[in-house]
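In case you want the letters, here they are:
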Amino acid sequence: MPDGAARLDAAFAGAGRPLFIPYVMGGFPNPDASLACARALAPHADVLELGIPFSDPLADGPTIQAAGQEALDRGVRPDDVIEIAGALDGGPPVVLMSYVNVLLAAGPRAFLERAARAGVAGVVVPDLPVDEAGDIRDAAGRAGVALVPLVAPTTAAARLAAVGRAAQGFVYCVAVTGVTGGEVAVDAELRAFLGRARANIDAPLAVGFGVRTPGQAAAIGEIADGVVIASQLIRLVEQAQDLATAQRSLEGFAADVAVALGAAPTPA
Amino acid sequence: MSELRERFGEYGGRFVPETVIGALDELSEAYRGLADDPAFRAEFEGLLSRYVGRPTPLYRARGLERSSGAPCIYLKREDLCHTGAHKINNALGQVLLASRMGKRRIIAETGAGQHGVATATAAALAGLECCVYMGREDMRRQRLNVVRMRMLGAEVRPVDTGTGTLKHATSEAIRDWVTNVGATHYVIGSAVGPAPYPEIVADLQSVIGDEAREQVLAEDGRLPAAVIACVGGGSNAIGTFRAFLGDDEVALVGVEAAGEGVDTGRHGASLGHGRPGVLHGSYSYLLQDDDGQVVEAHSVSAGLDYPGVGPEHSALRDAGRVRYVSATDEEALRAFTWCARAEGIIPALESAHALAFVAREGAELGARGALLVCLSGRGDKDVDAAAAALGIDA
């Protein structure tokens, strides 16, 4: 299989429109159900982001925190999530989202090699700024997994350029000054941030944090190469009475977002 | 001032969301600029002397000597600082700094409430808005300090996640900072967190050891045989130890919380029984499971009920320069009563851990010379919890 960065590059280059990147918390509400949720999203997803639950998720708001904690309370372990990624192989490229201590505890090399064997294309580590990433970037490179960096509205121009030089696959642009689960405003400030990122970074730019509706996704699609939706999808799962309802609800929402981003509507 | 240390051996660093990296750079820059600014130093030192009450006394504890068999015990009386603990040294420095940086809002986390009270106090003095995150369980066991913070005009935000203790309060404070980073300064209460915080906090707290070293020399004409301090995040300990790091003949002992016993899994001894990892922005010893999930700490003392520790302590542990030991809840409560009865000083439960070590090994260690104990805070905040644990009726 080509390495993760190449698969992500191909996804961005081949779409001809902004990518839809939905997020699933691995193991929430339980491992089988999270796999079923990911499968409900997959037909409309260009890349899938799969979260590894962590005890102290500093970049996450209450929705993702609670989902992760519920998975941990059920005994879900990082290897279980990598297994879910393996079961999704053959669909859209999977990017794992994990806090750095999970990688350190497993040993970055062992963790990334396991992920690569499961077909994982990339990894996003929200508490690993570019200056701390050296060893993990090397291990990711050797394993053939893209280390996807993050930038924020507060990231200075010189730093944007440094992140851009180190980027693999794409750059994750944090849309809000804050944690996940808020609500984005697609305004002059966000446009200016994306403008700065574009001027300093050659890699594709995906925008996430606080994106809740197909309308917001469409507006972000005007200025970015991809849109990540996370907390809103967890809310849909929480609101559903059973797994079948959750799957239908996710599938319908994902179809709406994909169309909003310019995908051809799929027959129901 | 030269560059602030970001690494202590392999420990430390800045493992935080990208959003706050710029603010950490700005903080480093501001601290380096102001540390050498004569007007700022004059304001800060003036307040340390006339507002905080520094230098704090070095007190010869003859009552403890009689019952421990150690011939000479000095207590560095940080409990006599304004607000009741060493925490004010750091909070005041950081709030003045934030004020000079043009920040309008101060946030903090607190466990025992001493850092929260100190920060609320400094914010009131500086005329800044203040919000303190505190775990629900800690609000229950440190009720007095919750009331004090509110009296001082601070908002106390309860944190309900997990066990409602310091780890969770710190995570919520960091999330607030990530969200409001422009106008807000986060006053971290211990020598933990992303660089440059561990260095700034240690620098602001090093006044403890600088004074104590001079006071012991004036009193005794020689250095103490051992310096002893409790370690949660480790700010009073690093502030005391730094002055003695170059004195090879002085033994340095950090006392962590053994809680219900280090074999029960219910303790806060990250240096003694943890492994290195990342929590709250720095790489340091940490209580965690095989998957890297941070496990809950436990201690009767809210200030030591924390699964992490400052990165400089991790480096000192590996280098063997500081010996890290632990004391159980039961030993700490015994030492709490011991100090109250033998000296007429009710210590904070945190500081009682350092005294518990003196009760255990003081005679042996004291045979070589004086023991210097950092009495980091007073125990007024602990009277409810201690009375319940000790079965004392009102």
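Note that the coordinates shown come from a computational prediction; the quantities given were computed from them, not determined experimentally.

Cut-offs and rules
In this numbering scheme, every chain counts its residues from 1 along its sequence in written order. Going through the entries in the order they are written, you letter the chains from A and number the ligands from 1. Residue-level local features of this predicted model are given only where pLDDT is at least 70; pairs of side-chain atoms are given and counted only at 80 or more, and the full residue set underlies all totals for whole chains, interfaces and linings. The basis for every side-chain value is the complete set of non-hydrogen atoms in the structure, without hydrogens or water. Comment: elements are numbered from the N terminus, with helices defined as DSSP H or I runs of at least four residues and strands as E runs of at least two. The globule rule used for comparison is 2.2 Å times the number of residues to the exponent 0.38, while the radius of gyration itself is calculated over C-alpha atoms. Partly exposed residues are those whose accessible area sits between 20% and 50% of the maximum for their type, while under 20% is buried and over 50% is exposed, using a 1.4 Å probe and protein chains only. It only takes one pair of heavy atoms within 4.5 Å for two residues to be counted as in contact. Here Asp and Glu are counted as negative and Lys and Arg as positive; His is not counted, and neither are the chain ends. One atom stands in for each charge, and that atom is NZ of Lys, CZ of Arg, CG of Asp or CD of Glu. Note on terminology: a nonpolar core comprises buried Ala, Val, Leu, Ile, Met, Phe, Trp, Tyr and Cys residues joined through side-chain atoms within 4.5 Å. A residue's bend is given by the angle between axes fitted to the 7 residues ending at it and the 7 residues starting at it. Within this document, salt bridges are pairs made up of a side-chain nitrogen of Lys or Arg and a carboxyl oxygen of Asp or Glu, the two lying within 4 Å of each other. Only Phe, Tyr and Trp rings are paired, with Trp represented by its six-membered ring, and only when their centres lie within 6.5 Å; those with planes under 30 degrees apart are stacked, over 60 edge-to-face, the remainder tilted. If DSSP finds at least two bridges between two strands, the strands pair. Here the axes come from fitting lines to C-alpha atoms, over the contacting stretch only for helices, and the angles between their N-to-C directions go from 0 to 180 degrees. In this scheme, a helix's expected span is set at 1.5 Å multiplied by one less than its residue total. An angle below 35 degrees is read as roughly parallel, one above 145 as roughly antiparallel, one from 65 to 115 as roughly perpendicular, and any other as oblique. In this classification, Asp, Glu, Lys and Arg are treated as charged, Ala, Val, Leu, Ile, Met, Phe, Trp, Tyr, Cys and Pro as nonpolar, and every other residue, Gly included, as polar. Seen with its strands pointing away from the viewer, a crossover is right-handed if its path from the first strand over the helix to the second goes clockwise.

### Notes on the overall build of chain B
Stage number 1. In terms of regular secondary structure, chain B is built from 16 helices and 14 strands.
Stage number 2. Since a compact globule built from 394 residues should have a radius of gyration of about 21 Å, the 19 Å found for chain B is in line with a globular shape.
Stage number 3. When its C-alpha atoms are laid out on the principal axes, chain B stretches across 55 × 45 × 45 Å.
Stage number 4. Going through the 394 residues of chain B one by one, you find that 66% of them count as buried.
Stage number 5. A separation threshold of at least 6 residues defines the contact pool for chain B, and within that pool the share at least 24 residues apart is 74%.
Stage number 6. For chain B, the distance from the average position of its 40 positive side-chain charges to the average position of its 53 negative side-chain charges is 3 Å.

### Quick notes on the nonpolar core
Stage number 1. Of all hydrophobic cores here, the largest spans 202 residues; its most connected members are Leu96(A), Leu112(A), Val171(A), Leu194(A), Ile229(A) and Trp177(B).
Stage number 2. A total of eight residues in this core trace back to one element, the largest contributor, which is helix α1 (residues 21-35) of chain B.
Stage number 3. With sequence-adjacent residues up to four places away left out, Trp177(B) is seen in contact with Val20(B), Ala23(B), Leu24(B), Ile107(B), Thr184(B), His185(B), Tyr186(B) and Tyr197(B).
Stage number 4. The next biggest cluster of nonpolar side chains, apart from the first, holds 31 residues, and it includes Ile73(B), Ala226(B), Ala332(B) and Leu333(B).

### Brief notes about helix α15 (residues 349-366) of chain B
Stage number 1. The largest bend in α15(B) is about 60°, located at Arg360(B).
Stage number 2. Counting buried positions along α15(B) gives 14 out of 18 residues, so the element sits mostly inside the fold.

### Remarks on the pattern of salt bridges
All names here are of chain B.
Stage number 1. Evaluated as defined, the whole model comprises 41 salt bridges over all chains.
Stage number 2. A salt bridge links Asp382 to Lys381, with the nearest nitrogen and oxygen atoms 2.7 Å apart. Per residue, the accessibility class of Asp382 equals that of Lys381, and both read buried.
Stage number 3. A network of salt bridges, in which partner residues are shared, links Arg105, Glu129, Glu155, Arg157 and Asp176.

### Things to note about the packing of aromatic side chains
How two aromatic rings sit relative to each other is set out by the distance from centre to centre and by the angle between their planes.
Stage number 1. Under the counting rule described, the total for this entry stands at nine aromatic pairs over all chains.
Stage number 2. With a centroid separation of 5.4 Å and an interplanar angle of 20°, the aromatic rings of Phe54(A) and Tyr99(A) are classed as stacked. With Phe54(A) in the loop between β2 (48-51) and α3 (62-73) and Tyr99(A) in the loop between β3 (94-97) and α5 (100-106), this pair connects stretches of sequence that are 45 residues apart.
Stage number 3. Ring geometry for Tyr11(B) against Tyr283(B): centres 5.6 Å apart, planes inclined by 15°, an arrangement best described as stacked. Linking Tyr11(B) in strand β2 (residues 11-12) with Tyr283(B) in strand β12 (residues 282-286), this pair joins segments that are 272 residues apart in sequence. Of the two residues, Tyr11(B) and Tyr283(B), both sit in the buried class.

### Re the environment of Ala183(B)
Residue and element names in this part refer to chain B.
Stage number 1. If you trace the backbone, Ala183 turns up in the loop between α8 (166-179) and β8 (184-187).
Stage number 2. What makes Ala183 partly exposed here is its relative accessible area of 23%.
Stage number 3. Ala183 sits 47 residues away from Cys230 along the chain, and the two C-alpha atoms are 34 Å apart.
Stage number 4. Look past the residues within four positions of Ala183 in its chain and what remains in contact with it is Lys103, Arg104 and Arg105.

### Quick look at the pairing of strand β5 (residues 105-110) of chain B
Residues and elements named next belong to chain B.
Stage number 1. With respect to burial, β5 is a largely interior element, six of its six residues being buried.
Stage number 2. Of the two faces of β5, the one lined by Arg105, Ile107 and Glu109 and the one lined by Ile106, Ala108 and Thr110 are each fully buried.
Stage number 3. Across six bridges, β5 lies against strand β6 (residues 129-135) in parallel orientation. Within β6, the residue paired with Thr110 across the bridge is Met134.

### Let's talk about the sheet that holds β8(B)
All names here are of chain B.
Stage number 1. Read across the open sheet, the four strands follow the order β7-β6-β5-β8; overall the sheet is parallel. The outermost strands of the open sheet, each flanked by one partner alone, are β7 (155-159) and β8. Direction aside, the axes of adjacent strands within the sheet are offset by 25° on average.
Stage number 2. Pairing geometry for β5 and β8, over four bridges, is parallel. Its bridge partner being in β8, Ile107 is matched across the sheet by Tyr186.
Stage number 3. Of the strands in this sheet, β5 and β8 touch helix α4 (residues 87-100), which is tilted by about 165° from β8.

### So, unusual backbone geometry
Residue and element names in this part refer to chain B.
Stage number 1. At the junction of Arg54 and Pro55, the peptide bond is cis and its omega measures out at -5° in the coordinates.
Stage number 2. On the secondary structure map, Pro55 appears in the loop between α2 (38-52) and β3 (58-60).
Stage number 3. A cis amide bond links Ala195 to the next residue, Pro196, at an omega of 10°.
Stage number 4. Turning to its location among the elements, Pro196 is positioned in the loop between β8 and α9 (197-205).

### So, helix α14 (residues 329-343) of chain B
Residue and element names in this part refer to chain B.
Stage number 1. Taking 1.5 Å as the rise per residue, α14 with 15 residues should run 21 Å; its terminal C-alpha atoms sit 21 Å apart, in good agreement.
Stage number 2. For α14, the complete set of buried residues consists of Asp329, Glu331, Ala332, Leu333, Ala335, Phe336, Trp338, Cys339 and Glu343.
Stage number 3. Of the surrounding elements, those touching the buried residues of α14 are β3, α3 (62-68), β10 (251-259), β13 (322-328), α15 and α16 (383-390).
Stage number 4. Phi turns positive one or two residues past the end of α14, at Gly344, with a value near 70°.

### Digging into the side chain of Glu199(B)
Stage number 1. Examined against the element boundaries, Glu199(B) turns out to sit in helix α9.
Stage number 2. Residues within four places of Glu199(B) in sequence aside, it is in contact with Leu4(B), Arg5(B), Phe8(B) and Arg242(B).

### Here we look at the packing of α14(B) against α15(B)
All names here are of chain B.
Stage number 1. Two numbers describe how α14 lies on α15: the axes approach to 7 Å, and their chain directions differ by 90°. Here α14 lies roughly perpendicular to α15, going by the angle between them. Facing Glu331, Ala332, Leu333, Ala335, Phe336, Trp338 and Cys339 of α14, the residues of α15 in contact are Leu349, Ala352, His353, Leu355, Ala356, Val358, Ala359 and Arg360.
Stage number 2. When its residues are assigned to classes, the contact of α14 with α15 shows twelve nonpolar, one polar and two charged.

### Here we look at the pairing of strand β1 (residues 19-25) of chain A
Residue and element names in this part refer to chain A.
Stage number 1. Within β1, seven of the seven residues are buried, leaving the element largely enclosed by the surrounding structure.
Stage number 2. Burial along β1 is two-sided: Leu19, Ile21, Tyr23 and Met25 facing one way and Phe20, Pro22 and Val24 facing the other are all buried.
Stage number 3. Judged from the four bridges that link them, β1 and strand β9 (residues 226-229) form a sheet pairing that is parallel. By the bridge assignment, Ile21 is partnered in β9 with Val228.
Stage number 4. Pairing geometry for β1 and β2, over three bridges, is parallel. Of the residues in β2, the one forming a bridge with Tyr23 is Glu49.
Stage number 5. Between β1 and its parallel partner β2, the chain crosses via helix α2 (residues 31-41), and the hand of that crossover is right-handed.

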